[in-house]
Amino acid sequence: MTTYLLRKLIALAVVLVVASFLVYGLLYLVPGGPMAFLLGNRSGTPEQIAAIRAQYRLDDPFLVRYAAWLGDAVRGDFGSSLVYRQHVSGLMAARAATTAFLVGYSTVLIVVVGVAGGVLAGLRRGRVDAVISAVSSAFLATPTFVIGVLLVIVFALGLGWFPVFGPGEGLFGRLYHLTLPAITLSLGSAAFLARITRASVQEELGREHVETARSRGIAEALVIRRHVLRNASIPVITVTGLTVAGLIAGSVVVENVFALDGLGSLFVRAILQRDFAVVQAVVLVLVAAFVLINLVVDLCYKALDPRMSR
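Residue numbering note: each chain is counted from 1, following its sequence as written. Under the rules for a predicted model, residues below a pLDDT of 70 receive no local features and side-chain atom pairs below 80 are neither given nor counted, while totals for whole chains, interfaces and linings still include all residues. Computation of side-chain values: all heavy atoms of the structure, hydrogens and water removed.

(A) Layout of the overall build of the protein. Working definition: helices are DSSP H or I runs of at least four residues, strands are E runs of at least two. Numbering for both runs from the N terminus. Scanning the protein from N- to C-terminus turns up 13 helices and 0 strands. Along the protein, from the amino end to the carboxyl end, the secondary structure elements read α-α-α-α-α-α-α-α-α-α-α-α-α. Burial here depends on accessible area, computed with a 1.4 Å probe over protein chains only, as a share of the maximum for the residue type. Under 20% is buried, over 50% is exposed, and the range in between is partly exposed. Taking all 310 residues of the protein together, the buried fraction comes to 40%. Whether two residues touch is decided by their heavy atoms; if any such pair falls within 4.5 Å, the residues are in contact. A sequence separation of at least 24 residues applies to 71% of the contacts in the protein between residues at least 6 apart. Surface summary for the protein: the accessible area is close to 16400 Å², and the carbon and sulfur share equals 68%. Surface accessibility follows the Shrake-Rupley procedure with a 1.4 Å probe radius. Residue values consider only the protein chains on display as shielding.

Given below as structure tokens:
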């Protein structure tokens, strides 16, 4: 287990370093050079230009600059924002909780609704299967921002059950304020997971070992739990891991629809304002979260089937 985990950590670290190298290198692909990107439409004084060149080590070779930036980033120092005049780490720390809570809330909804709906559709063919399949197809075909707008119109503006914007304070306040954003972010993914779970369960039901277990008189509940759901869980975990990783990117749209001050909205504003330090830092954090989620998925594989780590 220790060797397997070490191999995965090394592989994910390599992915993270390569991704950070590409993100950092984007600065030097901008027309006009890095100074044009950093200054944007602003005209800097010689003192400001000199300060920016010193801050971003623009007079050093590229690899030296990248190594220095990566070393600072590992220690949590992402530099200073040119727009907010604050440390980037502080800007992200103030907003990361909102994004993390939104993604976590959405993940719970996706797993509960998607897996439960898929298992129910897989075990109960007929009308139940048809209804769940139709509903999941409708949610899959509807864009996230459309779902968000409809939820706001019906449940926030029409019925007044939920607030329109803001992340709330405290655990229950956040649950209340982030319910509509979490539903918006999770509906399409839950529908997709339900379809994958349904297909996996129905495939396992037709396996020979399941028929053999039934012919031996083993209770149906035990057959379903030990032979169907356990084997069907591997593709479900794969899809769940990829879905949760995708939520990080999808939160950008949802945070802007519901006016949530999270990493997604900060990222969009940083792009529009050409705040390069913030863009770099947010992308690096999102990539790190993505690779960590993939590590968790791999560990779940090993827990379910140790042969997969060989």
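Let us keep going from here.
(B) Representation of the UniProt feature "transmembrane region" (unreviewed entry) in the protein in the model. Here the UniProt-annotated "transmembrane region" (unreviewed entry) positions come out as residues 9–30, 100–123, 130–163, 175–194, 234–258 and 278–301. Across residues 130–163, helical content stands at 79% and strand content at 0%; the span's end C-alpha atoms are separated by 34 Å. Between the first and last C-alpha atoms of residues 175–194 the distance is 24 Å; the span itself is 95% helix and 0% strand. UniProt positions are given in the numbering used here, feature names are shortened, and annotations may be inferred rather than shown by experiment.

(C) Quick look at the pattern of salt bridges. Take a side-chain nitrogen of Lys or Arg and a carboxyl oxygen of Asp or Glu: if they are within 4 Å of each other, that pair is a salt bridge. With the rule as written, the count across this model stands at 1 salt bridge. Here Arg-95 makes a salt bridge to Asp-261, at a shortest N to O gap of 3.1 Å. Here the residue Arg-95 occupies a position in helix H5 (residues 88–123), and Asp-261 occupies one in the loop between helix H11 (220–257) and helix H12 (263–272), the gap between them amounting to 166 residues. Classification of Asp-261 as partly exposed rests on a relative accessible area of 35%.

(D) View of a nonpolar patch on the surface. Every patch collects residues that have over 30% relative accessible area and no salt bridge, joining them within 9 Å if they carry like charges and within 5 Å if they are nonpolar side chains (Val, Leu, Ile, Met, Phe, Trp, Tyr). Taken together, Phe-145, Val-149, Ile-153, Val-154, Leu-157, Leu-159, Trp-161, Val-164, Phe-165, Val-253 and Val-257 make up a surface patch of nonpolar side chains, about 1000 Å² in accessible area. When contributions to the nonpolar patch are tallied by element, the ones reaching two or more residues are helix H7 (144–158) and H11. Relative to the helices and strands, Leu-157 resides in helix H7.

(E) The arrangement of the side chain of Ser-136 in detail. The residue Ser-136 is located in helix H6 (residues 127–141) in this model. Aside from chain neighbours lying at most four places away, what touches Ser-136 is Ala-191 and Arg-195.

(F) Local environment of the packing of H5 against H12. Here the axes come from fitting lines to C-alpha atoms, over the contacting stretch only for helices, and the angles between their N-to-C directions go from 0 to 180 degrees. The N-to-C vectors of H5 and H12 enclose an angle of 130°; their axes lie 8 Å apart at closest approach. Considering their axes alone, H5 and H12 lie oblique with respect to each other. Along its contact with H5, which presents Leu-91, Met-92, Arg-95, Ala-96 and Thr-99, the element H12 presents Leu-263, Gly-264, Leu-266 and Arg-269. Under this grouping Gly is polar, as are all residues other than the nonpolar Ala, Val, Leu, Ile, Met, Phe, Trp, Tyr, Cys and Pro and the charged Asp, Glu, Lys and Arg. Looking at the contact of H5 with H12, its residues break down into 5 nonpolar, 2 polar and 2 charged. By definition in this entry, angles of less than 35 degrees are roughly parallel, angles greater than 145 are roughly antiparallel, angles of 65 to 115 are roughly perpendicular, and the rest are oblique.

(G) Representation of the packing of H5 against H6 in the model. For the pair H5 and H6, interaxial distance at closest approach is 7 Å and the crossing angle is 140°. In terms of crossing hand, the pair formed by H5 and H6 is left-handed. Along the contact surface, H5 presents Gly-117, Leu-120 and Ala-121, while H6 presents Val-128, Asp-129 and Ile-132. Here the contact of H5 with H6 is built from residues that sort into 4 nonpolar, 1 polar and 1 charged. Throughout, a crossing is termed right-handed when the near helix is turned clockwise from the far one, and left-handed when it is turned anticlockwise from it by less than a right angle.

(H) Broad picture of the confidence of the model for the protein. Confidence of the predictor at the level of single residues is captured by pLDDT, which takes values from 0 to 100. In this model, the protein carries a mean pLDDT of 76, and residues with pLDDT of at least 70 account for 82%. Averaged pLDDT values over the elements of the protein bottom out at 61 in helix H2 (residues 34–39) and peak at 83 in H5.

(I) Expanded view of the packing of aromatic side chains. Ring pairs shown here join Phe, Tyr and Trp side chains whose ring centres sit within 6.5 Å, with only the six-membered ring taken for Trp; geometry is labelled stacked below 30 degrees between planes, edge-to-face above 60, and tilted in between. Within the structure shown, the criterion is met by 2 aromatic pairs. Aromatic side chains Phe-155 and Trp-161 sit 5.7 Å apart centroid to centroid with 45° between the ring planes, which places their arrangement in the tilted category. Phe-155 sits in the partly exposed class, given a relative accessible area of 26%.

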